[in-house]
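A closer look at the structure
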Amino acid sequence: MRRDIVDTSLAIQAEGLTKRYGNTLAVDGLNLDIPTGQFFGLLGPNGSGKTSTIHMLSTLIRPSQGTARVAGQDVKRAGLQVRAAIGVVFQESALDRTLSVAENLRFAGLLYNLPVAQINERSSELLELFGLKEKRNQPVGELSGGQRRALDIARGVIHRPQILFLDEPTIGLDVPNRRNIWRFIERLRAELNVTVFLTTHYLEEAVDCDKVAFIKQGRIVKIGPPHDLIDSLGAYIIEIEGENLSALIASLSPRLGPCFMDGDKACFRFTGKDIASLVMLQAELGDKVTGMRWRRPNLNDVFLWVNETELWQTRKT
């Protein structure tokens, strides 16, 4: 498709999107086509380019190279229009801790030129939804971490954006607060068809994405629906523990293929269906291992596979 033609079915389009900081290449020729209403996850280790990508797409930093359109608008030429169409929840809170809960929401609404009556109505809805109704007049500095994070998200969506960028939205939160936030995100998507662009270290949160992309050193190295990527690993992940893992890996890799490490466990993909062969392998290894087990793969395994197999190939050669 010619990139000078706007595809209205796409919330985000990027071609060759690149960001350099001096001699450091943070994002390297990123291509993205994210349909309207999609729940998209960008996953990768620290320093892989996730936050820089969000900052370019939300017009906070200018791309060094390449093009991007968000809500049909060019991020380089139409920054105001892009910012009017998006909501952003950053890793660091954007709240003013000296203001009250209601004042923070009012300030955010005024930035988007919302009528005061509409700000009050939406604030009440959001505070009710997040269990903050009784805190509306309380200074933000007195809220718990979970309450502040919920308010951050409420602030980011008070103008009902077409696209919501979530950069590690639940980092540091306990499980109940994380669940409350995701219930709200699901409701936003269902009721308003909001496109959600997520980065997260909690990979279980990304399993419900329509599509995820794994980014490494600024480049997308794997992309697809989460369950398809999980299924591509095989039927089982074999986990092996032992005192001399290097020797075990060398002896098993000709049969099982590349190994990826998960802490002190050597992990192999098993693409067969016959459990009996795994039982036989366990008996064969005997006391050469201190532990062997197998389980169904998950998205964390895809993450480890993407990041470890290249290292394994390097060590092997």
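Reading guide: rules and limits
Residues numbered from 1 in each chain as written. Predicted model: local features only at pLDDT ≥ 70, side-chain atom pairs only at ≥ 80, totals over all residues. Heavy atoms only, no water. Pairing = 2+ DSSP bridges. Helix = DSSP H or I, 4+ residues; strand = E, 2+ residues; numbered from the N terminus. Axes fitted to C-alpha atoms, helices over the stretch in contact; angles between N-to-C directions. Contact = heavy atoms within 4.5 Å. Salt bridge = Lys/Arg side-chain N within 4 Å of Asp/Glu carboxyl O. Buried < 20%, exposed > 50% of the residue type's maximum accessible area, 1.4 Å probe, protein only. Arc of directions from axis to C-beta. Phe/Tyr/Trp six-rings, centres within 6.5 Å; stacked < 30°, edge-to-face > 60°.

The strand order S6-S7-S8-S3-S9-S10 describes an open sheet built from 6 strands, whose pairing is mixed. In the strand order of this sheet, the two ends are held by strand S6 (86–89) and strand S10 (219–224), each with one partner. Ignoring strand direction, the axes of neighbouring strands in this sheet form an average angle of 15°. Here 4 bridges tie strand S3 (residues 39–43) to strand S9 (residues 211–216), and the two strands are oriented parallel to one another. Bridge assignment links Leu42 to a residue of S9, and that residue is Ala213. Contacts from helix H5 (residues 145–157) reach S6 and strand S7 (163–167), with the element oriented near 165° to S6.

Attention now goes to the pattern of salt bridges. Evaluation of the coordinates by the stated rule reveals 13 salt bridges. Across the salt bridge formed by Arg189 and Asp210, the nearest N and O atoms sit 3.1 Å from each other. On the criterion of sequence distance, the pair formed by Arg189 in helix H6 (residues 175–192) and Asp210 in the loop between helix H7 (203–206) and S9 is long-range, its members being 21 residues apart. Across the pair Glu284 and Arg255 runs a salt bridge whose closest N-O atoms are separated by 2.9 Å. Taken together, the residues span a long stretch of sequence, with Glu284 in helix H10 (residues 275–285) and Arg255 in helix H9 (residues 245–256) at a distance of 29 residues. Exposure remark for Glu284: the relative accessible area of 47% places this residue in the partly exposed category. Among the charged side chains, a salt-bridge network with shared partners connects Glu239, Glu241, Arg293, Arg295 and Asp301.

Right, let's talk about unusual backbone geometry for a bit. The backbone phi angle of Glu168 is positive, close to 50°, even though this residue is not glycine. Of note, Glu168 is situated in the loop between S7 and H6. With a relative accessible area of 3%, Glu168 lands in the buried category. Notably, Asn193 is not glycine yet its phi reads approximately 55°, a positive angle. Here Asn193 is to be found in the loop between H6 and strand S8 (195–199). We classify Asn193 as partly exposed; its relative accessible area is 43%.

What follows is about H9. Here H9 has its buried residues at Leu245, Leu248, Ile249, Leu252, Ser253 and Leu256. The buried residues of H9 occupy an angular sector of 125° when the element is viewed end-on, so they sit on one face. The exposed residues of H9 that point more than 90 degrees off its buried face are Ala250 and Pro254. Where H9 terminates, the next one or two residues include Gly257, which has phi positive at roughly 90°.

Before going further, it helps to spend a moment on the sheet that holds strand S12 (residues 259–262). Spatially, 4 strands are ordered S12-S13-S11-S14 in an open sheet, and the strand pairing comes out antiparallel. Two strands close off the open sheet at either side, each with one partner strand: S12 and strand S14 (291–295). Mean inter-strand twist for the sheet, computed between neighbouring axes without regard to direction, equals 30°. Sheet analysis places strand S11 (residues 236–241) next to strand S13 (residues 265–270), joined by 5 bridges and oriented antiparallel. By the bridge assignment, Tyr236 is partnered in S13 with Phe270.

So, about the packing of aromatic side chains. Here a ring pair, both rings aromatic, is described through the centre-centre distance and the interplanar angle of the planes. Overall, the coordinates contain 7 aromatic pairs when judged by the stated rule. Between Tyr236 and Phe270, the aromatic rings sit 6.5 Å apart at their centres with planes inclined by 40°, giving tilted as the arrangement. Of this pair, Tyr236 sits in strand S11 while Phe270 sits in strand S13, and the two are 34 residues apart along the sequence. Phe270 shares its class with Tyr236; the two are buried. The interplanar angle of 85° and the centroid separation of 5.7 Å between the aromatic rings of Phe260 and Trp305 together place this pair among those described as edge-to-face. Linking Phe260 in strand S12 with Trp305 in helix H11 (residues 299–316), this pair joins segments that are 45 residues apart in sequence. For Phe260, a relative accessible area of 0% translates into the label buried.

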